[in-house]
Amino acid sequence: EYVGTGNTVFRRFGEQDIRLVSRDGVVGLNMRTPRIQKLTLNNRDLLLMCTDGVSDKFRFDPGNNIQHQRTSIIANKLVSEFGKSYDDVGCIALRYRDH
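Parameters and conventions
- Residues numbered from 1 in each chain as written.
- Predicted model: local features only at pLDDT ≥ 70, side-chain atom pairs only at ≥ 80, totals over all residues.
- Heavy atoms only, no water.
- Pairing = 2+ DSSP bridges.
- Helix = DSSP H or I, 4+ residues; strand = E, 2+ residues; numbered from the N terminus.
- Axes fitted to C-alpha atoms, helices over the stretch in contact; angles between N-to-C directions.
- Salt bridge = Lys/Arg side-chain N within 4 Å of Asp/Glu carboxyl O.
- Buried < 20%, exposed > 50% of the residue type's maximum accessible area, 1.4 Å probe, protein only.
- 1 Å grid on protein atoms, 1.4 Å probe; cavity = no way out; pocket = protein on both sides within 12 Å on 5 of 7 lines; lining within 4 Å.
- Points joined across faces, edges and corners; volume = space filled by probe spheres on them.
- Nonpolar A, V, L, I, M, F, W, Y, C, P; charged D, E, K, R; others polar.

Caption draft 1: View of the sheet that holds strand 1 (residues 8-13). One open sheet accounts for 4 strands, arranged 2-1-5-6; its pairing is antiparallel. Across the chains shown, the open sheet's two edge strands, defined by having one partner strand only, are strand 2 (18-21) and strand 6 (91-95). The mean angle between the axes of side-by-side strands here comes to 15 degrees, regardless of whether they run parallel or antiparallel. Here strand 5 (residues 46-51) pairs with strand 6 via 5 bridges, running antiparallel. Residue Met49 lies in a different strand from strand 6, and its bridge partner there is Ile92.

Rendered as structure tokens:
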């Protein structure tokens, strides 16, 4: 389950790519009612949560195999290549394992 407030995006890359978007607002100040979004995770899915300082227009180039790298490499690459110079940037990358 995913619930987010503010300028964040949650993306899953795997058998099917999914994008979940947080509700507009500021926690404790100007919040809309959170909306729970659910998805099923599969073994080896890549999960990304990024702030709006990372352009959500990025695509993984199938030729460079980046989505199969270590998660620390993926997060660093997204921030360095798709981070906006005029905004704060945050990115968390996780790999789901079902064991």
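Caption draft 2: Just the pattern of salt bridges, in detail. Under the counting rule described, the total for this entry stands at 3 salt bridges. Across the pair Glu1 and Lys38 runs a salt bridge, and its minimum N-O distance is 3.5 Å. Taken together, the residues Glu1 in the segment before strand 1 and Lys38 in the loop between strand 4 (30-31) and strand 5 connect sequence positions 37 residues apart. In this structure, Glu1 and Lys38 share a single accessibility class: exposed. One salt bridge connects Arg12 with Asp45, and the closest N-O pair in it is separated by 3.6 Å. Taken as a pair, Arg12 in strand 1 and Asp45 in the loop between strand 4 and strand 5 lie far apart in primary sequence, 33 residues in all. Under the relative-accessibility criterion, Asp45 is labelled buried at 2%.

Caption draft 3: Just the layout of surface pockets, in detail. A volume near 170 Å³ is recorded for the largest pocket. Every residue lining the largest pocket is counted, 17 residues in all, and those nearest its centre are Asn7, Thr8, Val9, Asp52 and Asp56. Where the lining of the largest pocket is concerned, the elements lending two or more residues are strand 1 and strand 5. Split by residue class, the lining of the largest pocket holds 6 nonpolar, 6 polar and 5 charged.

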